[in-house]
Amino acid sequence: MSVSEEIRSRLEAAFAPDRLDVTDESERHRGHSGWREGGQTHFRVVIAAPSFAAMTRVERHRAVHAALGPDLVGRIHALALTVEG
Amino acid sequence: MADVETQIRETIEGTDVVLFMKGTKDMPQCGFSSRVAGVLNFMGVEFTDINVLANDDIRQGIKDFSDWPTIPQLYVKGEFVGGCDIVTEMTLSGELDKLFEDKGVAYSKEAADKIRAANA
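Residues numbered from 1 in each chain as written. Chains lettered and ligands numbered in written order. Predicted model: local features only at pLDDT ≥ 70, side-chain atom pairs only at ≥ 80, totals over all residues. Heavy atoms only, no water.

Asks: So what's going on with the sheet that holds strand 2 (residues 42–48) of chain A? Residues and values would help.
Replies: Residues and elements named next belong to chain A. Sheet architecture is open: three strands sit in the order 1-2-3, paired in mixed fashion. At either margin of the open sheet sits one strand with a lone partner, and together these are strand 1 (19–24) and strand 3 (78–84). Adjacent strand axes in the sheet meet at a mean angle of 10 degrees, parallel and antiparallel pairs treated alike. Note: strand 1 against strand 2, six bridges, orientation antiparallel. For Asp21, the partnering residue across the bridge sits in strand 2 and is Val46. Contacts from helix 2 (residues 57–68) reach strand 2 and strand 3 within the one sheet, and its direction differs from that of strand 3 by about 125 degrees. (Pairing = 2+ DSSP bridges. Helix = DSSP H or I, 4+ residues; strand = E, 2+ residues; numbered from the N terminus. Axes fitted to C-alpha atoms, helices over the stretch in contact; angles between N-to-C directions. Contact = heavy atoms within 4.5 Å.)

Asks: Outline the pattern of salt bridges, supporting the account with residue identities and numerical values.
Replies: Tallying each qualifying case throughout the model produces 16 salt bridges over all chains. Note that Asp21(A) is salt-bridged to Arg19(A), the shortest N-O span being 2.7 Å. When the shortest N-O distance is used, the salt bridge between Lys77(B) and Asp16(B) registers 3.9 Å. Of the two residues, Lys77(B) is situated in the loop between strand 3 (73–76) and strand 4 (79–82) and Asp16(B) in the loop between helix 1 (2–14) and strand 1 (17–21); the sequence distance between them amounts to 61 residues. Residues participating in the shared-partner salt-bridge network are Glu6(A), Arg10(A), Asp71(A) and Arg75(A). (Salt bridge = Lys/Arg side-chain N within 4 Å of Asp/Glu carboxyl O.)

Remember that the coordinates give geometry; whether it matters functionally is a separate question.
So this is what it looks like as structure tokens:
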């Protein structure tokens, strides 16, 4: 399973989101630190789920980090997050 | 590690606005750090930049301290505000202005309005 697919499956399982876009943006960061051939290092995630509605911005991000888990977060170099309730 | 934690705590509590970043405010070494430092610079906010690339203990220590896995991290008056995405969203929504006003941090409203106008 690619990193993108892992991100998608863990977030779907945790939040049953109304909207979930996982984009591998690694190519836009070619040559930057953390980048490697083949991509799967820099991601953009847009997620919307009702459970985020009552959370602050920091809480929303923490919930996403927790759902991904430290192992997966540790393998991602950069994660741009847009979380909506 | 306790020393690092103490050092981080003292920095955050003793300085109004602190940005833990990759590189420095004058020479950022990461696009995300660069964006946050750029916003603060443009808004005329006085802040202390801590280059995590210069110290591996702080680089890991700040992530443990805030339970937040990424850099940059912005702190205002001892409180964790967020990383690049959150700061960007708050700049565009005006929440960052409100935070600075509530916390008594000087900034240029005119500059903040310019950022919003440019991104409208």
